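Below are the chains, spelled out letter by letter.
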Amino acid sequence: MRFKISNFHFTIYLALALLIFSCAAPKRAGYYKEGYTERGMASWYGKDFHGRKTANGEIYDMYKLTAAHKTLPLGVYARVTNLENGKEIKVKVNDRGPFIRGRFLDLSYGAAKELGMVEAGVGRVELEIIGNVPYQTAKGKASAGRVSSTGLFTIQVGAFVEKENAVRLKSLLENRYKDVHIVSYDTNLQKFYRVRVGAFENEKDALKTSNELESQDYTTFITVRD
């Protein structure tokens, strides 16, 4: 009888220990999964980018149902619902953006038209990941906070038409931060030079530096360093 009681207590102890350690472990690397949802303001982009390469190498076709997001894995499919009229569509995330405060999704012209958002320009939507997520973190490493598809986040601090302005900001930031770099991006109308800071393994660390930059009156956006 004494043995049975001891064995029972041991089983309870083992179960509790496993529960505690599983809760204390870092968040699993595969943060994004089917069913993940996000709500916020969406905008759309069209002919200025038509025919240009998207972040995943595909040619942007403004009439197809695609979208740009700052951190979602490229190639993932999502259901987007216009919360103002109930219309919904399926889009493929193949680009990065929008880099405008207060917006989390940039729809193609075709997607915006299907959702009845072209005339308004912006609208409140819900995004939900559907199907398999093409998601692989760097070396499968788990880390605290959300992990990007490449394992690296970066912070955009400015975007300029004149390269000299981007170089000037880069030189200023290099006095305090590591890995300050300029990424150029062509539209059909003009070329932009985006100044970005760092390569962070998780969003938590990127957010810390982003907040520090904003305390210095910079406007920042966290995105994936593809």
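Keep in mind it's a predicted model, so treat the numbers as computed, not measured. (Residues numbered from 1 in each chain as written. Predicted model: local features only at pLDDT ≥ 70, side-chain atom pairs only at ≥ 80, totals over all residues. Heavy atoms only, no water.)

Asks: So what's going on with the environment of Tyr77? Residues and values would help.
Replies: Within the element layout of this structure, Tyr77 appears in strand E3 (residues 77-82). Taking the relative accessible area as the measure of exposure, Tyr77 reaches 35% and is therefore partly exposed. If sequence neighbours within four positions are ignored, Tyr77 has contacts with Lys90, Val91, Lys92, Glu128, Ile129 and Ile130. (Helix = DSSP H or I, 4+ residues; strand = E, 2+ residues; numbered from the N terminus. Buried < 20%, exposed > 50% of the residue type's maximum accessible area, 1.4 Å probe, protein only. Contact = heavy atoms within 4.5 Å.)

Asks: Could you give me a rundown of the pattern of salt bridges, with the residues and numbers involved?
Replies: Think of it this way: side chains of opposite charge can pair up when their charged atoms draw near. If you walk through the whole model with that rule in mind, you get 7 salt bridges. In this structure, Arg39 engages Glu126 in a salt bridge whose closest nitrogen and oxygen atoms are separated by 2.8 Å. Residue Arg39 is located in strand E1 (residues 37-45), and its partner Glu126 is located in strand E6 (residues 122-130); the two are separated by 87 residues in the primary sequence. The exposed category is assigned to Arg39, whose relative accessible area is 51%. (Salt bridge = Lys/Arg side-chain N within 4 Å of Asp/Glu carboxyl O.)

Asks: Give a description of the sheet that holds strand E5 (residues 103-108) that names residues and reports values.
Replies: One closed barrel accounts for 6 strands, arranged E1-E5-E2-E4-E3-E6; its pairing is mixed. Each neighbouring strand pair of the sheet contributes to a mean axis angle of 45°, computed without reference to strand direction. (Pairing = 2+ DSSP bridges. Axes fitted to C-alpha atoms, helices over the stretch in contact; angles between N-to-C directions.)

Asks: Tell me about helix H3 (residues 163-173), and name the residues and values.
Replies: Taken as a whole, H3 has its buried residues at Ala166, Leu169 and Leu173. Down the axis of H3, the buried side of the element spans an arc of 65°, and every buried residue falls inside it. Exposed and oriented more than 90 degrees from the buried face of H3 are Glu164 and Arg168. (Arc of directions from axis to C-beta.)

Without other data, these values stay purely geometric and don't point to any function.
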